Amino acid sequence: MYDLIIRNARVVDGTGAPWYRADVAVEGGRIAAIGKLECEARETVDAEDHYLAPGFIDIHSHSDDSILACPSAESRILQGVTTEIAGNCGASRGPAPEGKEEGWPSMAAFLSAVERAKPSVNLGMLVGHGAVRACAMGYGAEKPTEAQLQRMRELVAEAMKAGAFGVSSGLIYPPSSYADTEELIEVAKAAAPYGGYYATHMRGEGKTVVRATEEAIRIAREAGVPLQISHHKVTWKPDWQVSCFTTTAMIERARRQGLEVFCDQYPYRASATTLSVNIPEWAFDGGVPALLERLRDPVLRARISDEMEASHVGRWGDIFVSYVTTEANQWMAGRSIPDIAQRMGKTPAEALIDIVIAENDHVGEISFGMCEEDIEHIMKKPYVMTGSDGGAMPLDAPGKPHPRNYGTFVRVLAHYCRERGLFPLETAVHKMTGLPAARLRLAERGAVKQGMWADLVLFDFDALRDTPDFANPQQACEGILKVYVNGVLTAENGRHTGAHAGVVLRRAQG
Ligand code: ZN
Ligand code: CU
């Protein structure tokens, strides 16, 4: 007698192998049997010949920012994500320097807090280089002393011992961006004895993406760790359909030479980050309070404004405000910078500076910078997996968050696989299950196999639709029929069931 039998499913098992028809039995949260099952179960579900896949694994998440406030993680669950790896782009909520709001003193403390919050998804973490650097030496732009570098290594080792899967960098975000290549090699090296990998938001994704890819490969090679290039893309229009051929050739050469390189990618033409990313890096020296002080200083402000106008010629119209925190500025969400600037009677750079000051740097942007041809070129590569670069959000999240938070996985399946025909369904599913599981060395997730944890998604392939879009991002995807996390039904026909069956994932020790 099993807990559950899902009968008459087309099993897409996550390995990339062709689907086959079977019944799948679940017992004690795990897949107990697969095949033509005659036995009974406490509950029987008729899959009606729809596809049953492993729950999707989002290897590029920022849910450490929001999972404690939103443990039900609607944005993840309602698109079929059952596992996510947060702490990407150099930022992780643990460890945080003393006195930092919303931070935890260590990776272990943060993971325990997530456990207590009982999330609906399974969550694992990377340790952020920016977090570690801030703990060791604050928010300054200077080079670390030998003692500070040693402290960074210790903090990475400590986080790895607590179960982190690797170390991430965010080389456009201070303080992570202040690190030179040598510092990053040393920090990545500290994850090597624990089997960790190096994930990087590279130093450039526009004009300098080739040089940045070179640096990423060098860091991983010299540190002796596998490489994960985060959200691979090219955001510099003159180099569209050029640079991505170079970067993928470099990745393929590195792979041939024995470096384990993978990429993740989200399937949209727009990126999303903090609005202050447009401000020159030097203005961040010393952290956000120092930045805000410089923005208020008339002389420095003029210099910052001039530099921004010069670097943004022809680009302002691609940048939209996604969220603000003050009541007075809510009207800005979803509007472009030129539109907002005009309403404020200011230049785009001046408007941007005033918004960052008014919002205390808590303001987001969406920026259209990629082309479809590049997205498809990258997506087709066998070492590229799906990752949202989004996080856990409720259906009533304020503002206009990037639809990737809610729709990434269904968009790859519905648009790029079914409509564009880039690859078969089995390949698409592999990119969001078996492939990230292999990268993460998750032995018990990412496949529909006997003995694995029963993270499962049942979907109607023809009905799949990535309803979340830029105008209305906060929506459930269509066509996701059932989502199980550790054997527990967590979503049904676009509705969260209220189940909180997720666990904290810690990298297998040893
Ligand atoms: Zn990033
Ligand atoms: Cu990210």
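Residues numbered from 1 in each chain as written. Chains lettered and ligands numbered in written order. Predicted model: local features only at pLDDT ≥ 70, side-chain atom pairs only at ≥ 80, totals over all residues. Heavy atoms only, no water.

A.B. asks: What exactly am I supposed to notice about empty space enclosed by the protein here?
C.D. replies: Space left empty within the atom packing is revealed by a probe, the size of a water molecule, rolled over the atoms. This structure, assessed with the given rule, holds two cavities of 30 Å³ or more. Approximately 70 Å³ is the volume found for the largest cavity. Lining the largest cavity are H231, H232, K233, V234, Q265, Y266, Y268, M370, D374, I375 and I378. Per-element tally for the lining of the largest cavity: the top contributor is helix α12 (residues 372–379), with three residues. (1 Å grid on protein atoms, 1.4 Å probe; cavity = no way out; pocket = protein on both sides within 12 Å on 5 of 7 lines; lining within 4 Å. Points joined across faces, edges and corners; volume = space filled by probe spheres on them. Helix = DSSP H or I, 4+ residues; strand = E, 2+ residues; numbered from the N terminus.)

A.B. asks: So what exactly am I meant to see when it comes to the sheet that holds strand β6 (residues 56–58) here?
C.D. replies: One key point about sheets: their strands pair by backbone hydrogen bonds, in either a parallel or an antiparallel sense. One open sheet holds the three strands; their spatial order is β6-β7-β8, and the pairing between them is parallel. One side of each edge strand has no neighbouring strand; the edge strands of this open sheet are β6 and β8 (122–125). Averaged over neighbouring strand pairs, the angle between their axes works out to 15° when direction is ignored. Pairing of strand β7 (residues 81–86) with β8, which is carried by four bridges, proceeds in the parallel orientation. By the bridge assignment for β8, E84 is matched with L123. (Pairing = 2+ DSSP bridges. Axes fitted to C-alpha atoms, helices over the stretch in contact; angles between N-to-C directions.)

A.B. asks: Explain the coordination of the copper ion (ligand 2) to me, please; I cannot follow it from the model alone.
C.D. replies: Under perfect tetrahedral coordination by four donors, a metal shows angles of 109.5 degrees; under perfect octahedral coordination by six donors, it shows angles of 90 or 180 degrees. Binding of the copper ion (ligand 2) to the protein goes through H60 (NE2), H62 (NE2), C89 (SG) and D389 (OD), at separations of 2.0 to 2.3 Å. Seen from the copper ion (ligand 2), its four donor atoms lie at angles of 85 to 153°, and the figure they make is irregular. One chain supplies every donor to the copper ion (ligand 2), and in sequence these donors are spaced H-x1-H-x26-C-x299-D. (Donors = N, O, S within 2.8 Å, 3.2 Å for Na, K, Ca; no water. Tetrahedral: all angles 85-135°; square planar, octahedral: opposite > 155°, others 65-115°.)

A.B. asks: Which parts of the structure should I look at to understand the sheet that holds strand β17 (residues 384–386)?
C.D. replies: Ordered by their spatial adjacency, six strands build an open sheet running β9-β10-β11-β12-β13-β17, and the pairing between neighbours is parallel. The strands lining the two open edges of the sheet, one partner per strand, are β9 (127–128) and β17. Relative to strand β13 (residues 261–265), strand β12 (residues 227–229) runs parallel, the two sharing three bridges. Across the sheet, the residue bridging to I229 is C263, located in β13.

A.B. asks: Looking at this model, I keep getting lost on the coordination of the zinc ion (ligand 1). Mind explaining?
C.D. replies: At this site the zinc ion (ligand 1) is bound by C89 (SG), H201 (ND1) and H231 (NE2), with donor distances of 2.0 to 2.2 Å. Binding-site remark: the zinc ion (ligand 1) is held by donors from one chain whose sequence spacing is C-x111-H-x29-H. Taken as an interatomic distance, the gap from the zinc ion (ligand 1) to the copper ion (ligand 2) is 3.1 Å; C89 donates to each of them. Here C89 is found in the loop between β7 and α2 (107–117), whereas its partner H201 is found in strand β11 (residues 197–201), with 112 residues between them in sequence. Here the two residues C89 and H201 agree in accessibility, since each one is buried. (Buried < 20%, exposed > 50% of the residue type's maximum accessible area, 1.4 Å probe, protein only.)

A.B. asks: Can you walk me through the pattern of salt bridges in this structure?
C.D. replies: Pairing between side chains becomes possible if they bear opposite charge and their charged atoms approach one another. Inspection of the entire model under this criterion finds 38 salt bridges. Note that E186 is salt-bridged to R153, the shortest N-O span being 3.2 Å. Here R153 lies in helix α4 (residues 146–161) and E186 lies in helix α5 (residues 181–189), a separation of 33 residues in the sequence. A residue is classified by how much of its surface remains accessible, and E186, at 22% relative accessible area, is partly exposed. With a shortest N-O distance of 2.7 Å, R445 and D455 are connected by a salt bridge. (Salt bridge = Lys/Arg side-chain N within 4 Å of Asp/Glu carboxyl O.)

A.B. asks: In this structure, what is going on with the packing of aromatic side chains? I would like to understand it.
C.D. replies: Aromatic ring pairs are described here by two measures, namely the spacing of the ring centres and the angle between the planes. Within the structure shown, the criterion is met by eight aromatic pairs. Taken together, a centroid distance of 5.9 Å and an interplanar angle of 10° make the contact between F56 and F409 stacked. Here F409 lies in helix α13 (residues 404–419) and F56 lies in strand β6, a separation of 353 residues in the sequence. Note on accessibility: F56 and F409 belong to one class, buried. These aromatic residues form a ring-pair network of at least three members: W19, Y51, F459 and F461. The residue whose ring lies beneath R30 is W453, and the NZ or CZ to ring-centre distance is 3.9 Å. Stacked on the ring of F262, the Lys or Arg R255 has its end atom at 4.9 Å from the ring centre. (Phe/Tyr/Trp six-rings, centres within 6.5 Å; stacked < 30°, edge-to-face > 60°. Lys NZ or Arg CZ within 6 Å of the ring centre and 35° of its normal.)

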